[in-house]
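Summary of structural features
The primary structure of each chain is shown beneath.
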Amino acid sequence: MIATVLSPKVLRAALPALSLLILLVAVWYLNPRAISPLGFNLMFNLAVPIALATVAQMCVITVNDLDLGIGAYVGFVVCVAATWLYDTPLLGIAALIGGIVLYMAVGALIHVRNLPSIVVTLGMSFVWLGLAILVLPTPGGKAPEWLAALMKYKPPAIPIPGWGDLQIPFPIIAAVVIAIVAHVLLMRTSYGSILRGSGGNPKAIERAGWSLLKTKVVMFGAAGFFGMLAGLALIGLTTSAQANVAERYTLLSIAGVILGGGYFVGGRVSPVGAVIGAMTLTLSLPFLTFLKIPPDWQIGAQGAILIVVLALRAIIDRLGPQQ
Amino acid sequence: MSMGERIVSLDGVDKSFGAVHALAGVDLACDSGECLGLVGHNGAGKSTLMHVLAGTLRPDRGRILVSGDDLTRSYDVAVAQSRGIRCVFQELSLCPNLTVAENARVFHASLRGLGWRRRAGKLILDKLDEIFPGHSIAPGDVVGDLGIARRQMVEIARAFSVTDTPVKLVILDEPTSSLDAVLAGQLLDFVKRFVAAGGAVILISHLLGEILDTASRVIVMRDGKVVAGRPAAEFTRDSLVAAMGSVAKGADESSARTAKGREGAPVARARPAGQRNGAELVAHRGEVVGLAGLGGQGQTEMLRALFAAARRRSREASVREPVALVAGDRQTDGIFPLWSIEKNITIASLRRMVRGLLVDPRQEAVMAETWREKINIRTPDVGNNILSLSGGNQQKALFARALGSVAGIVLMDDPMRGVDIGTKQEVYGMIRAEAEAGRTFIWYTTEMDELKNCDHVYVFRNGRIVADLARDELTEEKVLHTSFTEEAA
Amino acid sequence: MIRDVLRKPWLWSFVAAFLVWLATMAFTGFKGGGELISAALTFATFFVIVGIGQMFVFTLGPGNVDLSIPATMTLAGSVAMKLMDTQDSMIVIGLLVALVIGVGVGIFNYILILGLRIPPIIATLSSSFVILSAAIAYGRGLRIKPPPLLAEFTTVQVAGIPVLAIAVVILAALMGVVLHRTIYGRSVTAIGQSIRAAGFAGVPVERIRFLTYVLSAVLAALCGYLFSGFSGGSSLSMGEQYLLASIAVVVIGGTSVAGGNGNLPGLWGAALFLFLVQSMLNTYQLSAGLRYLATGLIIIAVITAAGGQKTLR
Amino acid sequence: DTSDKRIALSNNYAGNSWRQAMLRSWDKVTKPAVEAGIVAAADPFTTAENQVTEQAAQIQNMVLEGYNAIVLNAASPDALNGAVKEACDAGVTVVSFDGIVTEPCAWRIAVDFKQMGKDEVLYLKDRITEECNLLEIRGLAGVFVDDEISKGIHEGVSEYPNFKIVGSVHGDWDQAKAQAAVAGILPSLPEICAVVTQGGDGYGAAQAFAAAGRDVPLIIMGNREDELLWWKEQKDANGYETMSVSIAPGVSTLAFWVAQKILDGQDVPKDLVVPFLRIDQGNLEDNLANTEKGGVANVEYSSDDAQKVIDDAKM
Ligand SMILES: Nc1ncnc2c1ncn2[C@@H]1O[C@H](COP(=O)(O)OP(=O)(O)OP(=O)(O)O)[C@@H](O)[C@H]1O
Ligand SMILES: Nc1ncnc2c1ncn2[C@@H]1O[C@H](COP(=O)(O)OP(=O)(O)OP(=O)(O)O)[C@@H](O)[C@H]1O
Ligand SMILES: [Mg+2]
Ligand SMILES: [Mg+2]
């Protein structure tokens, strides 16, 4: 029993959660006040858009592609939301749908012409940034009230007899919902198998009579959709926009997918892991703030923490035969 | 299903790949209730023909009729499936990242809605139980974690599983190449039952015994044409070989080899990790050492341990000469898919071909050309991409890679997978000659015929050596006996 | 013969670069065409240097990428400049130190990749943060001038052609020979197609991967050294544009992202193309938004025209 | 009394010499202040890349860590408003400088960037009266500071019709990028008589002109040492004349003192203004002598300077 629980396979699956837990303990050690509803709110609310962007990236990675444009796209959504969606909601909605459609078109183009996704999405990152600057040439704009309100939502406390009120922070609820939705869609539905299979062995999927064009378009469409949600969540938090606000999401989202146990090729991804990966990355920032490193080395410490978290993987791999 | 009903017929099918005329006016018909055996040398066009039949390749010319309807124009995978035609391809078609059950779902569009996972698992598990009793595969296993034999089993079971459309015809392209004798026997028994119940099977194999034993009718292909087609009973092993265009060599010629005395220090020795007693594998210079037993009993691991020991210190094994390996899983461990045949052959011998600091392209060309002729790799040009070769010819290229290298020890992981009978005989001869000249071979095979070429055979079971047979002790009974019952060796 | 050339994947990048040059010239009435080419050659040179290393890394197969190039450039540049302190006599020592830094970074990256089994993209990203921190701690962002002789070497031109560009053309040709004709190059392409098959074919996989990451870091360090000399000193942000550029140059140049298929002439075409697109859009005086938009669309158009890889079976 | 108060510096970018000088000035001024017991702590923090989202997270973490005041050089004037508001709600004093924020609850120590751009043209107007083609080098597209300076320049140009902007490129406040951008556009441009810049790009422009074999025009500089040095060389060789303007990195120390005074209970107006640091032909040598090798011309502020700025604003 214990042997199965501690088997490398199980440990590897539990690794993302384990890393997050270790980091949480470290944060708690440095600053006990942070482990509180307010603390979780402050530490994790920016994890919501990152988690959504990570799920978007994961959709693309599932079909063996990489999206280098997701950060710029989230920036585009932020700009549209802070301008058109605020002033003329219908136009805003149309632009957001247009964004998703463009994402699907990119997926179709990549499949039909058999193009390397890295270059196409790199090109798209310039396109999104350009569109964002055209929509909002200088920083500004205003978040639609409902979005700001949603992101500030405080769920009602749950009274627990003999202990007090349990206030579950909104970011935690949001992360759980995102993880469950993505997991069900990709891992539990029957078409989800086809989507992942088209990353694992596209030829086999095609030979079984499925359209690879469709799987690609669906996955890029899903990436566009989750990317859009990421942008909306972000503008709800920042309440005001700037074109390059989410540039960093591109690398963060890739790191999140990998931290969450995903691989670049072969359709091997884990939605729950990806969300946890995103939260781990987010949590590394407060950890570093509480650590009070001299500014010269603060940037390096961010690298070091990524290394440490990922090194856990090596330790577990050493325990048993590798895949 | 009624017997003798025409399921599918191909009329004058033509297919070319560039300069290669893979199919030249092939006619083929298959009726329900028959098992059609399809044989032919490597590159004869068997797989290409099956791709046409399965709808994955469109022929350049010719007609396709299914149950009497001319479907030439609209024929594709979906149409073939809706008409009950299934295919297990030579190169496996499972998604390694999905579970066994999910792979079943990929095949059956109707497996959806609530509870699809459970239904898919039951579907594939029932079929596996039916074909390969005692298989120990669970629906939740991820396919990538399974060995090549198990993957093949899953793929076969999947092809026979039924949801909404009945299965009329199943094409099996070298289904036994990765299975050991027991599993192959189970499969062929099942094929017989399936056919007896009114189904149809097209069976491709280079093991002529299997074909003669299982098929009701046999079709022989040569250079893209059907050259013979008669009831199986009218063929003998020799007439079949003759029809394929290979010169049959007497099987006894290989037994002419006499046992060598074992003396001096061995060039390789190894002990399986789980070995309890003192038994170990020992190979002397110039020996052909066989690893026998059922599939997946640790033979591959032994070869990998020996291979690793040649590079770094290892507790399990020690090796005193450079080694080369002919991998068992051609697709993932063998070929370099972007390279030409030539580069695929020379990769292990580049060190010899360096002039100054650079690899000499002329020497490369010479080596590739030499081996093309030596083991008859069918291609107009060794500069062509490796994937343009048929499966068996790809395997020959891998052979050339290992035999052409300077390695003193050649490890072979069931290397004859998909190699036609004529070539096999030639390769056996070559191995014997090389051994004579001082090269050592360690050869994992599940075929008795091949073990007869060995000087010394170790039988594996459960990851351990259970028998150690010198050449004069080697009999089929002994190998089978020790493969199944554990006893101290 | 002509058919062969037409099928080369790198051809498209040169065609694209030429078309962009024509489009720019159409705007100015063919004034300053030569100057523009000479400027393009100058800046493309630096893209090509890092592009070579990145290309070898890409050729190792999917998932392999070096994101630490910008930070390595910065560290090597700032350490070398501070050490040389504008003295001509220190030029060689500065170069050696820069190269040693490259080797060190390569080793560090590879320890993360092999020893800690961190996927290269994250490993090199993390190490780039550490390297940048080292550069900050050492150089404090101060901009020390290069020795005059180094500045001279990196900027001098012969008949409008920068000497450095000529040197790098030779370097690229040499690396092309290394890729296609040496055992090392063959091993890199083998690993890129199938790391397992390469191992079983006797390729020393880990040693080759190690050498490749070191090569990439050394070239980045060399680029940092030369570029500091060229632009009048190092700065902490000098590598920034080289992250995307090194990737773009490799893939637009026709190297397969799936690995196993490197391509050197294409680096030059793509590097020239990237620079010329920027100057074309600047010349057209488009607004920043339109300029980004056009850059993206042009990149996508070029890659679409060049087409993807065909697959057999 | 603020001896038990803790102040944090939130910086969003450390990748150029200006930011490095800013961090050093902070260190130089706050360390003695902490030692003297004026405040309990003055910790600097910086993010890895110039990103709004990371800085927002950083501010939130500072609130959690319990700082009494946050001195902020913001990556965006608006996009941090959410985080700043949260800090204010938690009772933290927020003082923004250089990159200021629009959130009303925060204090702003602003530089009139628009005026800075306009001043460049005003300087040119005094020097050049004939027809003159200008090349504009801008900063990072989509960023507030870039937009403001550019607006000022264009406003100035529209007032003096002898000036015409014939080309405009983005140099992202980086010598190397500016050099590449100028080199790329130069072949297509007519004779340029002056270059208007935003700081940190003048030397790159001079290099590009020299490489193209063109006459080096009048280039407005941005207080970097290499720019001043180059100017000095030209001045000694051929009497080259220009001016140099930028904001002093030491403004972070001004923000520190302002935050300290707010914590001390002083009534400080929300909007304060600091002048930019301008170097002219006459005081070039003095400034050059005071500038660190490879650094930026700088001034640091004392508590008294801060008091003076506050008092000025109250008038
Ligand atoms: N995609 C392709 N491109 C080029 N040539 C091909 C391709 N597919 C098959 N061929 C060629 O067509 C011929 C027939 O190949 P096929 O795979 O049908 O042979 P086979 O009879 O199945 O042989 P084996 O027993 O070795 O599997 C061979 O010469 C092969 O090289
Ligand atoms: N392509 C592969 N990827 C990962 N692991 C593999 C692969 N092929 C084999 N293995 C692993 O190697 C071990 C041996 O499997 P394999 O089926 O190759 O053994 P075998 O002795 O050659 O048996 P068989 O004759 O049935 O193929 C198994 O643990 C299997 O999971
Ligand atoms: Mg075949
Ligand atoms: Mg095997």
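Quick summary incoming for the structure in this document. (Residues numbered from 1 in each chain as written. Chains lettered and ligands numbered in written order. Predicted model: local features only at pLDDT ≥ 70, side-chain atom pairs only at ≥ 80, totals over all residues. Heavy atoms only, no water.)

1. Quick look at the packing of aromatic side chains
The geometry of an aromatic ring pair is captured by two quantities: the separation of the ring centres and the angle between the planes. According to the stated counting rule, one finds 32 aromatic pairs over all chains in the structure shown. Centre to centre, the rings of Phe126(A) and Tyr292(C) are 6.4 Å apart; their planes meet at 10°, and the pair counts as stacked. Here Phe126(A), found in helix α8 (residues 117-135), pairs with Tyr292(C), found in helix α14 (residues 288-306), and the two come from separate chains. In this structure Tyr292(C) comes out as partly exposed when scored by relative accessible area, which is 23%. Ring geometry for Phe160(B) versus Phe190(B): centroids 4.9 Å apart, planes at 85°, classification edge-to-face. Within this pair, whereas Phe160(B) is found in helix α5 (residues 148-160), its partner Phe190(B) is found in helix α6 (residues 181-196), the two being separated by 30 residues in sequence. When its relative accessible area of 1% is taken as the criterion, Phe160(B) is described as buried. By way of ring pairs, the aromatic residues Phe43(C), Phe46(C), Phe47(C), Phe227(C), Phe230(C), Tyr242(C) and Phe275(C) are connected into one cluster. In this structure, Arg268(A) packs its charged tip against the face of Tyr263(A), placed 4.1 Å from the ring centre. (Phe/Tyr/Trp six-rings, centres within 6.5 Å; stacked < 30°, edge-to-face > 60°. Helix = DSSP H or I, 4+ residues; strand = E, 2+ residues; numbered from the N terminus. Buried < 20%, exposed > 50% of the residue type's maximum accessible area, 1.4 Å probe, protein only. Lys NZ or Arg CZ within 6 Å of the ring centre and 35° of its normal.)

2. Re the arrangement of the chains
The interface with the most contacts, out of five pairs of chains in contact, is the one formed by chains A and C. You won't find any contact between chain B and chain D; their C-alpha atoms come no closer than 35 Å. (Contact = heavy atoms within 4.5 Å.)

3. Observations concerning the sheet that holds strand β18 (residues 409-413) of chain B
Residues and elements named next belong to chain B. Strand order in the open sheet made by the six strands is β15-β18-β19-β13-β20-β21, with mixed pairing throughout. Of all the strands in the sheet, the pair left with one neighbour each is β15 (323-326) and β21 (464-470). For this sheet, the mean inter-axis angle between neighbouring strands, taken without regard to orientation, is 20°. In the sheet, strand β13 (residues 288-293) pairs with strand β20 (residues 456-461) via five bridges, with the strands oriented parallel. From the neighbouring strand, Val-289 faces β20, where its bridge partner is His-456. Sheet strands touched by helix α9 (residues 299-309): β13, β15, β18, β19 (440-444) and β20. Its angle to β18, the strand with the most contacts, is close to 150°. Packed onto the sheet, helix α13 (residues 391-404) meets β15, β18 and β19 and runs at close to 175° relative to β15. (Pairing = 2+ DSSP bridges. Axes fitted to C-alpha atoms, helices over the stretch in contact; angles between N-to-C directions.)

4. Comments concerning the nonpolar core
Phe273(C), Ile109(D) and Leu124(D) are the most contacted members of the largest nonpolar core, which has 384 residues in total. Within the second largest apolar cluster, 50 residues are counted, among which are Val100(B), Ile137(B), Leu172(B) and Val195(B). (Core = buried A, V, L, I, M, F, W, Y, C linked by side-chain atoms within 4.5 Å.)

5. A short note on the sheet that holds strand β4 (residues 93-97) of chain D
Residue and element names in this part refer to chain D. The strand order across the open sheet built from six strands is β2-β1-β3-β4-β5-β11, with neighbouring strands paired in parallel fashion. One side of each edge strand has no neighbouring strand; the edge strands of this open sheet are β2 (41-46) and β11 (271-273). With direction set aside, neighbouring strand axes in the sheet form an average angle of 20°. In the packing of helix α9 (residues 251-263) onto the sheet, contacts are made with β1 (6-11), β2, β3 (69-73), β4, β5 (107-110) and β11, and the angle to β4 comes to roughly 155°.

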